[in-house]
Amino acid sequence: MFDDDTSPARRDFLRKSLTLIPVVTLASAGLPSSTFAQTPASDAKQASTAVPATVPGDYKPTFFTPEEWAFLVAACDRLIPSDQVGPGAVELGVPEFLDRHMQTPYANGGIWYMQGPFLEAAPEFGYQGRLNLRETLRIGIKAIDAYSKKSFSGKAFAELSQAQQEDLLKSAESGKLVLDDISSKLFFTNLLNEVRNGYFADPSHGGNKNMGAWKMIGYPGMRADYMDWITVRDKPYPLPPVDLSGRRG
Amino acid sequence: MANAKAKVDAVIVGMGWTGAILAKELTDAGLHVVVLERGADRDTQPDFAYPKVVDELEGSVHRRYLQSLAQETVTVRHNLTSTAVPYRQMGSFKPGTGVGGAGSHWSGCHFRALPEDFKLRSNVEQRYGASFIPSDMSIQDFPVSYEDLEPHFDHFEYVCGTSGKAGVISGVKQAGGNPFEGSRSREFPLGPNPNYLGAEMFYKGAREMGWDPYPIPASNASAPYVNPYSCQMGPCNACGFCSDYGCLNYSKASPNISILPVLRQRKNFELRTHAQVLKVNLDSDGKKATGVTYLDAQGREVEQQADLVLLCAFSLYNVHLMLLSGIGKPYDPQTGEGTIGRNYSYQNLNRVVLFFGKEVQANQFIGIGGAGTTMDNLNGNQLDNAKAGFVGGGIIWARQPGAGPVRGINVPPGTPNWGTAWKQAASDAFRHSFYFEVQGACMSYKQHYLSLDPTYKDGFGRPLLRMNFDWHDNEIKASQYLVGKALEMSKVLNPTAMAGDAKKSGEHYNITKYQSTHTCGGAIMGSDPKTSALNRYLQSWDVHNVFAIGANAFPQNNGYNPTGMVGALAYWSAKAIREQYLKNPGPLVQA
Ligand SMILES: Cc1cc2nc3c(=O)[nH]c(=O)nc-3n(C[C@H](O)[C@H](O)[C@H](O)COP(=O)(O)OP(=O)(O)OC[C@H]3O[C@@H](n4cnc5c(N)ncnc54)[C@H](O)[C@@H]3O)c2cc1C
Ligand code: SF4
């Protein structure tokens, strides 16, 4: 059973431990435009300073501070940019998702065992720290912004160029970035995981506006009834997604 | 005690598969039965109703249908000298809570063990000599045979509306089924489910390898069905939210839809939810249980006296309760003495992912929890273990419980984790890839056991259960061998890329990675009270009115999912209680 799992460690594991056995080179076939939504490529990458992506709607964060919010908008835009493949995390409202998700019991460690003592252990034992998800994101954002200001003459992460932002995120991903208070890798994995959750979860949670991420990958969303399509082989699944509220994409 | 409830005939701890089966059988026998379930009451309506049930964020991230680890978990260590640390976030296995237990959010793969699985040690010794078994491997024969359990396997399949194709009926081979299975008394209650692409391609690949593919027996109904208890099932609509989710459709067999509708009508049945059992109480000489103590919904300690105590709390928690209550002697890996906690085993799960071009419609979002295609040519006596170099076999299967993007999208190895390249790969792969899995047996070893943790406590102040487990060379070799075969077969199907996660030598057990909820052993059945906690009727050798029903009874695990066997053992044990124990309470087997 190996049901698909969403933990960052699990994804990291999959990425690292699957040995590639190429049979034929992966054909880089384009996406059939009839099935998948296309969004214009962003040309922001060429700009020397990141053009702040705009959050859709008039959502005002209630959990994150303006500084944290600026960080998240910039980080979302780097992690899942708006490009020729499909919509970006910012345009799909992922920052809103993050702000709302942080206020759930889940982000408060509600389903994790949080008793001490907190011992260091090999990576096979997973997270052994005492921070909940909220604290991990908050402390991580603060630490990266502090690092950024120290290294880039007072500029916060959101004020760096795209290339500088990407470099910082890469060194956090690998754990090379040494931060006060928190492991950069722990922060990064949780951040990426949450950004993906927001990008792909039902729009009612604040991200994936108009089911944009589902359209991009061709996921029919919450239809949950495929009896008539199990044995169809010769054509792509034809129906657009529906979401939990019954809207069609 | 201030809160003492009137004595009843039987108290059952846990309302999952085994609890429901025992409650049905014992209320049939006229007993007054109280079931104590730590979680909430749940039913298809309103708990698993569409659309809320298919919210992926709630189901797969908040894990709404699974046990929260905040109050209860286990600790894990790889060897006898290190300090165990808690299983803080759900990963490797996913116990259930609430009415239905894990039986409400299982997938539905519904197997019987092979006849030779029941006598593993003697079979291996006979085929390859005793020295073929590594010295630290503590595998044992089951004290029951396939023939003993056949009527109970059969009955449980009929209760579950299992959809499949028999391979052998009354000794006669049947085309399309598993030619290597133990003989059945009749055909499955329902025919197999339809094949999605991966299951269809498995037939092609397996046949080219010279294997005998057959449909995975699945307790996901392929057609409308009424079970022997007059409970109704509707055909599975391949919703794709099966593993981890309750069924929106009355299609996946569960305690909730397959047994509880009958129980809930009965006057001699009482279900108390939010009732956390803390321990089994024993009389002064420790030979008899007087009942259990539990915390009720308001946090009050309540004592429930009973003539019979049935532990149906899931394998791990059955062992935990036995250790906490002083039932039997805890196992000591240094001396080999003691039985409670002995022979913990697991499942050796591995995956092979196949990626295809845009013309191949794999549609992984379509899913039927247990259905698919598998084969037994590398399992049981079909595998030449001497040649393969390890004890125990396994199966390879195509199974598609349903994929969604929050649950994760497999991308070809080497793909970055974010940015445009990741988006492109995820978009390319989502509808055009699928996976095969290799489900290997897992042997038991002297050093793999369950005990109480010396440091960590649960939310009720009790020591956590400590799991001492790691991958042994034997299982690593099995993983490499079986994944190698799966890759060989997959090549025939011409994927554009494929990837397999065979265990590397020296690899350690990773608790962050979901592998299966097939945690077995720890309170095993056997014919010798020195090396088993339970006799052949799952009755405690030490406290005769306690029975511990579940996969905890397996001396080691085979290549199949456990629940078909767990259900059969539950009916087998219930029969012994009804026909023997009630007439003459006492040990059913003389030590
Ligand atoms: C995602 C998933 C997929 C699975 N798929 C398959 C599959 O395809 N095939 C297969 O064969 N098996 C599968 N399984 C395993 C299957 O669910 C279990 O084998 C089966 O449910 C075990 O039955 P049980 O009665 O022992 O435990 P459960 O069904 O889990 O019931 C135990 C109950 O006891 C309760 N309990 C525990 N401790 C206490 C306490 N102290 N006081 C009161 N109540 C307590 C729990 O809350 C729970 O409700 C799967 C499991 C999971 C999680
Ligand atoms: S896949 Fe079928 S059996 Fe499973 S939850 Fe969906 S409808 Fe129910």
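Bear in mind that the values here come from a model prediction, so they are computed numbers and not experimental data. (Residues numbered from 1 in each chain as written. Chains lettered and ligands numbered in written order. Predicted model: local features only at pLDDT ≥ 70, side-chain atom pairs only at ≥ 80, totals over all residues. Heavy atoms only, no water.)

1. Some remarks on the state of the cysteines
For step 1, the next point in the chain: Going through the model one piece at a time under the given rule, you end up with zero disulfides over all chains.
For step 2, the next point in the chain: With no disulfide of its own, B:Cys160 lies 11 Å from the sulfur of B:Cys231, the closest cysteine sulfur. (Disulfide = S-S within 2.5 Å.)

2. Some details on helix α6 (residues 197-208) of chain B
All names here are of chain B.
For step 1, the next point in the chain: Here α6 is twelve residues long and its end C-alpha atoms lie 17 Å apart, about the 16 Å a rise of 1.5 Å per residue gives.
For step 2, the next point in the chain: Those residues of α6 that fall on the buried side of the exposure criterion are Leu197, Gly198, Ala199, Met201, Phe202, Tyr203, Gly205 and Ala206.
For step 3, the next point in the chain: Next to the buried residues of α6 lie β7 (214-215), β15 (372-375), β16 (394-399), β17 (433-440) and α12 (473-491). (Helix = DSSP H or I, 4+ residues; strand = E, 2+ residues; numbered from the N terminus. Expected span 1.5 Å × (residues − 1). Buried < 20%, exposed > 50% of the residue type's maximum accessible area, 1.4 Å probe, protein only. Contact = heavy atoms within 4.5 Å.)

3. What about the site of ligand 1?
For step 1, the next point in the chain: Around ligand 1, a shell composed of 38 residues is seen, among which B:Thr18, B:Glu37, B:Arg38, B:Cys109 and B:Thr563 lie nearest.
For step 2, the next point in the chain: Mapping the residues near ligand 1 onto chains gives chains A and B.
For step 3, the next point in the chain: For ligand 1, a nitrogen atom lies 3.0 Å from a polar atom in the backbone of B:Val277.
For step 4, the next point in the chain: At a separation of 2.7 Å, a nitrogen atom of ligand 1 approaches a polar side-chain atom of B:Thr563.
For step 5, the next point in the chain: Here the shell around ligand 1 is built from residues that sort into 16 nonpolar, 17 polar and five charged. (Near = heavy atom within 4 Å. Polar contact = N/O pair within 3.5 Å; in protein donor to acceptor, adjacent residues only side chain to side chain. Nonpolar A, V, L, I, M, F, W, Y, C, P; charged D, E, K, R; others polar.)

4. With respect to the side chain of A:Ser148
For step 1, the next point in the chain: With respect to the helices and strands, A:Ser148 occurs in helix α4 (residues 133-151).
For step 2, the next point in the chain: Residue contacts for A:Ser148: discarding those within four places in its chain leaves A:Lys155, A:Ala156, A:Phe157, A:Leu160 and A:Leu168.

5. Observations regarding the interface of chain B and chain A
For step 1, the next point in the chain: Each side of the interface is counted separately: chain B has 103 residues, and chain A has 93 residues.
For step 2, the next point in the chain: Of the roughly 8600 Å² buried where chain B meets chain A, counting both sides, 60% is carbon and sulfur surface.
For step 3, the next point in the chain: Broken down residue by residue, the surface that chain B buries against chain A is led by B:Arg88, B:Trp418 and B:Lys423, which jointly contribute 11%.
For step 4, the next point in the chain: Counting every contact that joins chain B to chain A gives two salt bridges.
For step 5, the next point in the chain: A salt bridge links A:Arg233 to B:Glu200; the shortest N-O distance between them is 2.7 Å.
For step 6, the next point in the chain: Here chain B is connected to chain A by 29 residue pairs in polar contact (both at pLDDT 80 or more).
For step 7, the next point in the chain: Considering each element in turn, the side of chain B that touches chain A owes the most residues, nine residues, to helix α11 (residues 419-430) of chain B. (Buried area = accessible area lost by both parts, 1.4 Å probe. Salt bridge = Lys/Arg side-chain N within 4 Å of Asp/Glu carboxyl O.)

6. With respect to the packing of helix α1 (residues 17-28) of chain B against helix α13 (residues 563-581) of chain B
All names here are of chain B.
For step 1, the next point in the chain: At their nearest, the axes of α1 and α13 sit 9 Å apart, and the two run at 25° to each other. The orientation of α1 relative to α13 falls into the category roughly parallel. For the pair α1 and α13, the sense of crossing is right-handed. Where α1 approaches α13, its residues Trp17, Thr18, Ile21, Leu22, Glu25, Leu26 and Asp28 are matched on the opposing element by Thr563, Val566, Gly567, Ala570, Tyr571, Ala574, Ile577 and Arg578.
For step 2, the next point in the chain: A breakdown of the residues in the contact of α1 with α13 according to their chemical character gives nine nonpolar, three polar and three charged. (Axes fitted to C-alpha atoms, helices over the stretch in contact; angles between N-to-C directions. Parallel < 35°, antiparallel > 145°, perpendicular 65-115°, else oblique. Left-handed = near helix turned anticlockwise from the far one by under 90°.)

7. A short note on unusual backbone geometry
For step 1, the next point in the chain: The omega angle of the peptide bond from A:Gly116 to A:Pro117 is -5°, so this bond is cis rather than trans.
For step 2, the next point in the chain: Backbone torsion omega between B:Gln45 and B:Pro46 reads 5°, so that peptide bond is classified as cis.
For step 3, the next point in the chain: The phi dihedral of A:Asn210 is positive, around 55°, even though this residue is not glycine.
For step 4, the next point in the chain: Secondary-structure assignment places A:Asn210 in the loop between α6 (184-200) and α7 (212-217).
For step 5, the next point in the chain: A residue is classified by how much of its surface remains accessible, and A:Asn210, at 57% relative accessible area, is exposed.
For step 6, the next point in the chain: Despite not being glycine, B:Tyr250 shows a phi value in the positive range, around 55°.
For step 7, the next point in the chain: Looking at the element boundaries, B:Tyr250 is found in the loop between β9 (232-233) and α7 (255-258).
For step 8, the next point in the chain: On the accessibility criterion, B:Tyr250 (38% relative accessible area) is partly exposed.

8. Points about the environment of B:Gln347
Residue and element names in this part refer to chain B.
For step 1, the next point in the chain: By the secondary structure assignment, Gln347 is in the loop between α9 (315-325) and β14 (348-355).
For step 2, the next point in the chain: As a C-alpha pair, Gln347 and Cys520 span 173 residues in sequence and 8.4 Å in three-dimensional space.
For step 3, the next point in the chain: Excluding its chain neighbours within four sequence positions, the residues that come into contact with Gln347 are Gln439, Gly440, Ala441, Cys442, Trp471, Ser516, His518, Asn557, Asn558, Gly559, Tyr560 and Asn561.
For step 4, the next point in the chain: A polar contact of 3.0 Å, which involves the side chain of Gln347, links it to the backbone oxygen of Gly440.

9. Quick notes on the packing of aromatic side chains
For step 1, the next point in the chain: Using the criterion set out here, one finds 46 aromatic pairs over all chains in the structure.
For step 2, the next point in the chain: Geometrically, the ring pair formed by B:Phe434 and B:Phe436 is tilted, given 5.3 Å between the ring centres and 50° between the ring planes.
For step 3, the next point in the chain: The exposure class of B:Phe434 is buried, given its relative accessible area of 1%.
For step 4, the next point in the chain: Grouping aromatic residues by their ring pairs yields a cluster made of A:Trp214, A:Tyr219, A:Tyr226, A:Trp229, A:Tyr237, B:Phe365 and B:Phe430.
For step 5, the next point in the chain: If you follow B:Arg38 out to its NZ or CZ, it ends over the ring of B:Tyr317, 4.5 Å from the centre. (Phe/Tyr/Trp six-rings, centres within 6.5 Å; stacked < 30°, edge-to-face > 60°. Lys NZ or Arg CZ within 6 Å of the ring centre and 35° of its normal.)

10. A short note on the site of ligand 2
For step 1, the next point in the chain: Around ligand 2 sit 13 residues, and of these B:Cys236, B:Cys239, B:Cys242, B:Cys247 and B:Gly367 come closest.
For step 2, the next point in the chain: Of the residues belonging to the shell around ligand 2, the class tally is six nonpolar, six polar and one charged.

11. A closer look at the confidence of the model for chain A
For step 1, the next point in the chain: Residues of chain A with pLDDT of at least 70 account for 79%, and the chain-wide mean is 85.
For step 2, the next point in the chain: This model gives residues 1-47 of chain A a pLDDT under 50, and the stretch forms 133 contacts once residues within four places in sequence are excluded. (pLDDT = per-residue confidence, 0-100.)

12. What to know about the sheet that holds strand β4 (residues 85-86) of chain B
Residues and elements named next belong to chain B.
For step 1, the next point in the chain: A sheet is described by the order of its strands in space; here four strands give the open sequence β4-β3-β19-β18, paired in mixed fashion. Two strands in the sheet have a free side with no partner beyond their single neighbour: β4 and β18 (449-457).
For step 2, the next point in the chain: Bridging between strand β3 (residues 74-77) and strand β19 (residues 463-468) involves four bridges; their strand directions are parallel. Following the sheet pairing, Thr75 is matched in β19 by Arg466.
For step 3, the next point in the chain: Contacts between α9 and the sheet are confined to β3, β18 and β19, with β19 contributing the most and set at about 120° to the helix. (Pairing = 2+ DSSP bridges.)

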